[in-house]
Amino acid sequence: MPIPTLFLLAFACGTAAAIAARKELKVSPRPALLSHGFGALALFLGLVLVPVSVYFYVFHGDWSLLYLVDVRAIPSAVALVGFVVEGLVGAAGFVAGAALVRAQREAFAGVLAGGVFMLGGALAFLMRERLSVVGSFAQYRGGFGLRPFGDGPVVIGAVTMGVILAIGLAYLLVRLALGSRRAG
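Definitions and cut-offs
- Residues numbered from 1 in each chain as written.
- Predicted model: local features only at pLDDT ≥ 70, side-chain atom pairs only at ≥ 80, totals over all residues.
- Heavy atoms only, no water.
- Helix = DSSP H or I, 4+ residues; strand = E, 2+ residues; numbered from the N terminus.
- Areas by Shrake-Rupley, 256 points an atom, 1.4 Å probe, with all protein chains shown as cover.
- Lys, Arg positive; Asp, Glu negative; His and termini not counted.
- Charge placed at Lys NZ, Arg CZ, Asp CG, Glu CD.
- Axes fitted to C-alpha atoms, helices over the stretch in contact; angles between N-to-C directions.
- Left-handed = near helix turned anticlockwise from the far one by under 90°.
- Contact = heavy atoms within 4.5 Å.
- Buried < 20%, exposed > 50% of the residue type's maximum accessible area, 1.4 Å probe, protein only.
- Patch = residues over 30% accessible without salt bridge, like charges linked within 9 Å, V, L, I, M, F, W, Y side chains within 5 Å.
- Salt bridge = Lys/Arg side-chain N within 4 Å of Asp/Glu carboxyl O.
- Phe/Tyr/Trp six-rings, centres within 6.5 Å; stacked < 30°, edge-to-face > 60°.
- Lys NZ or Arg CZ within 6 Å of the ring centre and 35° of its normal.

## A look at the overall build of the protein
Across its full length, the protein holds 8 helices and 2 strands. Helices and strands appear in the protein in the N-to-C order α-α-α-α-α-α-β-α-β-α. Once the C-alpha set of the protein is aligned to its principal axes, its extents read approximately 60 × 30 × 25 Å. About 9,500 Å² of surface is accessible on the protein, with carbon and sulfur atoms providing 74% of the total. When the 14 positive and 7 negative side-chain charges of the protein are each reduced to one mean point, those points stand 13 Å apart.

## A look at the packing of helix H3 (residues 36-64) against helix H4 (residues 76-102)
Orientation of H3 relative to H4, taken along the N-to-C sense of each, is 145°, at an axis distance of 10 Å. Handedness of the crossing formed by H3 with H4: right-handed. Of the residues in H4, those touching H3 at Gly37, Phe38, Leu41, Leu45, Leu49, Val50, Ser53, Val54 and Tyr57 are Ala79, Phe83, Glu86, Gly87, Gly90, Ala91 and Phe94.

## Observations concerning the environment of phenylalanine 108
In this structure, phenylalanine 108 sits in helix H5 (residues 106-126). For the pair phenylalanine 108 and isoleucine 164, spaced 56 residues apart in sequence, the C-alpha to C-alpha distance is 28 Å.

## Things to note about the environment of leucine 178
Relative to the helices and strands, leucine 178 resides in helix H8 (residues 153-183). For leucine 178, a relative accessible area of 34% gives the class partly exposed. Along the sequence, leucine 178 and glycine 82 sit 96 residues apart, while their C-alpha atoms lie 33 Å from each other.

## Considerations on a nonpolar patch on the surface
Judged by side-chain polarity, Leu80, Val81, Val84, Val85 and Leu88 come together as a nonpolar surface patch covering roughly 460 Å² of accessible area. Residue classification places valine 84 among the partly exposed residues on the basis of a relative accessible area of 48%.

## Re the packing of aromatic side chains
For the coordinates displayed, the defined rule picks out 7 aromatic pairs. Each ring, one from tyrosine 55 and one from phenylalanine 59, has its centre 5.2 Å from the other, and the planes form 40°; the classification is tilted. Remark: phenylalanine 59 and tyrosine 55 occur in helix H3; sequence separation between them is 4 residues, near one turn of the helix. Connected via pairs of aromatic rings, a cluster forms that spans Tyr55, Phe56, Phe59, Trp63 and Phe149. Between the NZ or CZ atom of arginine 105 and the centre of the ring of phenylalanine 108, over which it lies, the distance is 5.2 Å. Seen from the ring of phenylalanine 125, arginine 128 lies directly overhead, with NZ or CZ sitting 4.2 Å from the centre.

Structure, rendered in structure tokens:
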């Protein structure tokens, strides 16, 4: 998965988590970032979503950055800051979703989460030409030695990481919804 898509997915996951934790958010006077729902989201971001991004960056970096930047030219500290920002984007999604849930605008929060998720898919679709080949930044720029996406470890990693993300997100949302139901 491209890193920009994963950033959009982080925001959508945060908003969806706020919707799933709506019963807790509606009755608790605590700030959204101190809720149990946010704690669960933070665990998901730190244990699932950000590690998936790190996997793509480390093992398929040029491809995951859509060949816009040579990964070798990015200092490791800048990459680390980028992954922290990805977590903060997920937190921002939760804060936005919590504000909408507390304002009784859950439908709008759902549209926001779905729209951002679809925007991430649209980004991958629009960049399908770049994503359909695998190689280094130099190979892409020079137009030599590129392999099709389906030939090699990138497709296996994409499928595996996609399944891990889907299962992790489903578990998070179901767990938050069930936990909120018991709390309410």
